[in-house]
Amino acid sequence: MAKKRGNGEGSIYQRASDKLWIGTYTVGRKADGTPNVKTVSAKKQEDCLRKLREKQQQVDAGLYIEPDKMTVEQWMQTWFEHYVRPVRKGSTADTTYHNINQHIIPTIGSVRLQKLRSEHIQAFINKEQAEGNKGKGLAPATIKRITAVLHAALEQAVANKLIISNPCSKKAVKLPKMEQEEVEVLQDWEYDQLLPAIPDSNEGRAILLMLNIGLRAAEVCGLRWKDIDDDFLTVNQACMRMGEYEGSKQTGTKIGFCTPKSKKSHRQIPLSKSMQALIRKQRMYVNTAHVNAVKAYESGRTAKQWQDHDMLFCTAQGTPLDKRNLLRTYHRILKAAGLNQRGLHTLRHTFATRALAKDMDVRTLSELLGHENVATTLNLYCHSSLDKKREWMEKLDDAVSV
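Residues numbered from 1 in each chain as written. Predicted model: local features only at pLDDT ≥ 70, side-chain atom pairs only at ≥ 80, totals over all residues. Heavy atoms only, no water.

A. Representation of the overall build of the protein chain. A count of helices and strands for the protein chain gives 14 helices and 7 strands. The principal-axis extent of the C-alpha atoms belonging to the protein chain is close to 90 × 85 × 35 Å. Long-range contacts, defined as pairs at least 24 residues apart, comprise 57% of the intrachain contacts of the protein chain with a sequence gap of at least 6. Looking at the protein chain as shown, the accessible area adds up to about 23700 Å², and 50% of this sits on carbon and sulfur atoms. (Helix = DSSP H or I, 4+ residues; strand = E, 2+ residues; numbered from the N terminus. Contact = heavy atoms within 4.5 Å. Areas by Shrake-Rupley, 256 points an atom, 1.4 Å probe, with all protein chains shown as cover.)

Have a look at this one:
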């Protein structure tokens, strides 16, 4: 028989109907002034006492949170709608949406938010590392990004007093060891094979510009004529396909503009003589496309009018160039050149590795690429080849006679 407990310590008794031990405690008062009595239960008396002590300690410390049946899925959707979409630019919101709906919700979405524990999250991380969402394990960097989304959502849940603490803290869960990111570049012979296969066209010139000044695809698609000076260009915006949303649900996508990837991505890039010539040729193309679009509309051959977005690279109607169309063109070029299929980012990586091979200093390259800091550039690109290591070892060997 449990001893009588003092005021404010709650009480405990065994229920006759099912022999469960029931503990009661008070959390303030209701609107009508009556005590707000809550209960805990357990099969064993000692377990019930432990639960009761935990609840009472939470009440005394001001950490008590009203029991709620909200699931992880419901909170992730609420968090995305109210705390991500209004403040995050399109690409970040889309990536967050994907991580929530393709990874977090299918695995732990049904768990009650207040019942979510670190072991649930660790099991989720281990599963993603082993299987991913398509039977293939995810890379450590991908798992880190997904977990960062979950951590941020749970931090907000703590701030909103939905949960007491964040079960996704760094101390509570262990992420897989990060691996050095491998960048794919065109080898010298591939570069030489690619150049003659690039057509003298709207998309072809965009690809050539990426290859020669290291812009990201979204930055190329976002260039406007007002960003072009005589011998340099300024990166002021990015253009990409972004999600359209109703509440927390994605209903479709559209082409839109956003700020560049980071503060350092706002940058000026000098143009070589050949790139200045490319820009002049592109100006002629856009002017011609404008005239042809106006004539086609006026003659009734098309219902589409020219839309002047001031884009350096645009469609036949003046609308922004879709990065997906640029990628399709790049794939056709690679096929025509007899090269393996790759992503557009290989053009940027190839520019960087070629610049270093021609002895460009790392700080200059970092600023041209728009990296947040020089360390990013060093980690990505500054790796000596075996030939370079052999060359230096032979130079050091000159001083030794055997």
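B. The side chain of E219, seen in detail. Position of E219 among the secondary structure elements: in helix α8 (residues 217–222). Reaching out from E219, the side chain makes a polar contact with the side chain of R267 at a distance of 2.8 Å. Beyond its immediate stretch of four places on either side in the chain, E219 contacts V235, Q237, A238, S265 and R267. (Polar contact = N/O pair within 3.5 Å; in protein donor to acceptor, adjacent residues only side chain to side chain.)

C. Representation of empty space enclosed by the protein within the structure. What the rule picks out here adds up to 1 cavity of 30 Å³ or more. If you add up the space inside the largest cavity, you get close to 40 Å³. Taken together, M76, Q77, F80, Y97, I100, N101, S248 and K249 make up the full set of residues lining the largest cavity. Every element with two or more residues in the lining of the largest cavity is listed here: α2 (72–84) and α3 (90–108). A class-by-class count of the residues in the lining of the largest cavity yields 4 nonpolar, 3 polar and 1 charged. (1 Å grid on protein atoms, 1.4 Å probe; cavity = no way out; pocket = protein on both sides within 12 Å on 5 of 7 lines; lining within 4 Å. Points joined across faces, edges and corners; volume = space filled by probe spheres on them. Nonpolar A, V, L, I, M, F, W, Y, C, P; charged D, E, K, R; others polar.)

D. Fine view of the pairing of strand β2 (residues 21–29). Sheet topology note: the strand β1 (residues 11–14)/β2 ladder contains 4 bridges and is antiparallel. Note on β2: the bridge partner recorded for Q14 is W21. The antiparallel pairing of β1 with β2 creates a hairpin that spans 6 residues between the two strands, and K19 there sits at a positive phi of about 65°. As defined by bridge partners, β2 adjoins strand β3 (residues 35–42) across 7 bridges and the pair is classed as antiparallel. Bridging from a neighbouring strand, R29 pairs with P35 of β3. Taking the residues that link successive antiparallel strands as the turn, the β2-β3 hairpin has 5 residues, and the phi of G33 there is positive, at about 95°. (Pairing = 2+ DSSP bridges.)

E. Focus on the nonpolar core. Among the nonpolar cores identified, the biggest contains 51 residues, and L194, L209, L215, L233, L326, Y330 and L347 are the most heavily contacted of them. For L233, the contacting residues outside a window of four places in its chain are L209, I213, L223, D227, I228, R267, Q268, I269 and L271. If you look at the next biggest cluster of nonpolar residues, it comprises 31 residues, including Y97, I104, L116 and I143. (Core = buried A, V, L, I, M, F, W, Y, C linked by side-chain atoms within 4.5 Å. Buried < 20%, exposed > 50% of the residue type's maximum accessible area, 1.4 Å probe, protein only.)

F. Layout of the pattern of salt bridges. Within the structure shown, the criterion is met by 11 salt bridges. The partner of R15 in a salt bridge is D18, and the shortest N-O contact between them spans 2.8 Å. Given a relative accessible area of 33%, R15 falls into the partly exposed group. As a salt-bridge pair, R224 and D227 come within 3.3 Å of each other at their nearest N and O atoms. For D227, a relative accessible area of 4% gives the class buried. (Salt bridge = Lys/Arg side-chain N within 4 Å of Asp/Glu carboxyl O.)

G. Representation of the sheet that holds β1 within the structure. The antiparallel open sheet is built from 3 strands, whose spatial order is β1-β2-β3. The sheet terminates laterally at β1 and β3, the two strands that pair on one side only. Between one strand and the next, the sheet's axes are offset by a mean angle of 30°, whatever the strand orientation. In the packing of helix α1 (residues 45–60) onto the sheet, contacts are made with β1, β2 and β3, and the angle to β2 comes to roughly 10°. (Axes fitted to C-alpha atoms, helices over the stretch in contact; angles between N-to-C directions.)

H. Layout of the packing of α3 against helix α5 (residues 140–159). The interhelical angle for the contact between α3 and α5, taken along N-to-C directions, is 80°, at an axis separation of 10 Å. Viewed along their axes, α3 and α5 adopt a mutual orientation that is roughly perpendicular. Here T96, N99, I100, H103, I104 and I108 of α3 lie close against α5, whose contacting residues are R145, I146, V149 and L150. Across the contact of α3 with α5, the residue classes tally to 6 nonpolar, 3 polar and 1 charged. (Parallel < 35°, antiparallel > 145°, perpendicular 65-115°, else oblique.)

I. Up close: unusual backbone geometry. Of note in this structure, K19 is not a glycine but carries a positive phi near 65°. As for its position among the elements, K19 is in the loop between β1 and β2. The phi angle at K161 is positive, at roughly 60°, despite the residue not being glycine. Summarising the element assignment, K161 is placed in the loop between α5 and α6 (188–194).

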